[in-house]
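# Observations on the three-dimensional arrangement
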Amino acid sequence: MKLKHYQDKVLKELKDYLSALADAKKEFEEVSELKPHLAKHINFPKDAWEKSTGRLIYHSKTNGLNEPLPDIYLKVPTGGGKTLMACHAIDNVQKTYLKRQTGLVLWIVPSTQIYRQTIKALKDRNHSYRQVLDISSGGRTLIKEKTEMFNRLDVEEHLVVLLLMLPSAARQNKE
C-alpha cells in the first residue's frame, strides 16, 4: 500500500528524530560510562528532538531509574491511516533506533471494533499491515493477544506484537 504525501512526511520526520536519537543515546552512554555524575544532567531524547526538528517544546519522560526515556506521539485524524503509519513507525524504530528486527511491541487499541479489525489485519499474512511488519522483522513476526502465551525466547527471536484493548489494560482485577 502506497503512503500518502502527509504520511511520508510524518514518517520521514520520525526517522530523522530516531536517527538523531540513536546518535544522542550513543553519546549519552559514552558519557555515562566515563563520567556518570554528568550523565544525570543529560536529556538525550530532548536534545535529539531539538536537533532533528528545530522545535524547542519536548515533554520529557523518565523510566523507573530516573533515566531519560524517549517519547513521541503521532497525531493522525480519523481515516488518516493510523494503523498503516504505526506499522511503518515500528519498522523505523526497529531499524533506525534499536537496530534490530526483534523485540516486543505493545499495541493498544481503544475499542472492541478496532481491536477486531486490527487483529484480523495483523494476523493475515497477505494484508499490507502485516507485510510491513514482516519486512521489518525478516518474516519473524508473532501477533499475540493477552490470553496467548509467549516467552523471552520469542521476544529475542521474533518481533512480538501484543495487542490489547485500552479498557482491558486499565483493569484492576480479573472481574
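Structure: above.
Keep in mind it's a predicted model, so treat the numbers as computed, not measured.

Moving on, we come to the packing of aromatic side chains. In total, this model carries three aromatic pairs according to the counting rule given. Judged by centre distance (5.4 Å) and plane angle (75 degrees), the ring pair of Tyr-17 and Trp-49 falls under edge-to-face. With Tyr-17 in helix α1 (residues 5–34) and Trp-49 in helix α3 (residues 44–53), this residue pair connects regions lying 32 residues apart in the sequence. The exposure classification of Tyr-17 matches that of Trp-49, with both residues buried. A centroid spacing of 6.2 Å and a plane angle of 40 degrees characterise the contact between Trp-49 and Tyr-58, whose relative ring orientation is tilted.

Turning to the pairing of strand β3 (residues 103–109), a few remarks are in order. Here β3 shows one buried face, formed by Gly-103, Val-105, Trp-107 and Val-109, and one open face, formed by Leu-104, Leu-106 and Ile-108. Here seven bridges tie β3 to strand β5 (residues 159–165), and the two strands are oriented parallel to one another. Looking at β5, one finds that Trp-107 is bridged to Leu-163.

A word on the pattern of salt bridges. Evaluation of the coordinates by the stated rule reveals ten salt bridges. The closest approach of N and O atoms between Glu-29 and Lys-25, which form a salt bridge, is 3.8 Å. Placement of both Glu-29 and Lys-25 in helix α1 is noted, with a separation of four residues, approximately one turn of the helix. We classify Glu-29 as partly exposed; its relative accessible area is 42%. Since its relative accessible area comes to 28%, Lys-25 is described here as partly exposed. Here Glu-156 and Arg-152 are joined by a salt bridge, their closest N and O atoms 2.9 Å apart. Placement of the pair is Glu-156 and Arg-152 together in helix α7 (residues 152–157), with a separation of four residues, close to one helical turn.

Inspection of the secondary structure assignment puts Phe-44 in helix α3. In this structure the C-alpha to C-alpha distance between Phe-44 and Lys-2, which are 42 residues apart in sequence, comes to 33 Å.

Think of an α-helix as 3.6 residues a turn; residues three or four steps apart then line up on the same face. Residues of α3 that are buried include every one of Phe-44, Pro-45, Ala-48 and Trp-49, and no others. On an axial view of α3, the arc spanned by its buried residues comes to 140 degrees, and they lie on one face. Buried residues belonging to α3 abut α1, β2 (68–69) and α4 (82–98). One or two positions beyond α3, positive phi appears at Gly-54, with a value near 80 degrees.

Rules used in this analysis
- Residues numbered from 1 in each chain as written.
- Predicted model: local features only at pLDDT ≥ 70, side-chain atom pairs only at ≥ 80, totals over all residues.
- Heavy atoms only, no water.
- Phe/Tyr/Trp six-rings, centres within 6.5 Å; stacked < 30°, edge-to-face > 60°.
- Helix = DSSP H or I, 4+ residues; strand = E, 2+ residues; numbered from the N terminus.
- Buried < 20%, exposed > 50% of the residue type's maximum accessible area, 1.4 Å probe, protein only.
- Pairing = 2+ DSSP bridges.
- Salt bridge = Lys/Arg side-chain N within 4 Å of Asp/Glu carboxyl O.
- Arc of directions from axis to C-beta.
- Contact = heavy atoms within 4.5 Å.

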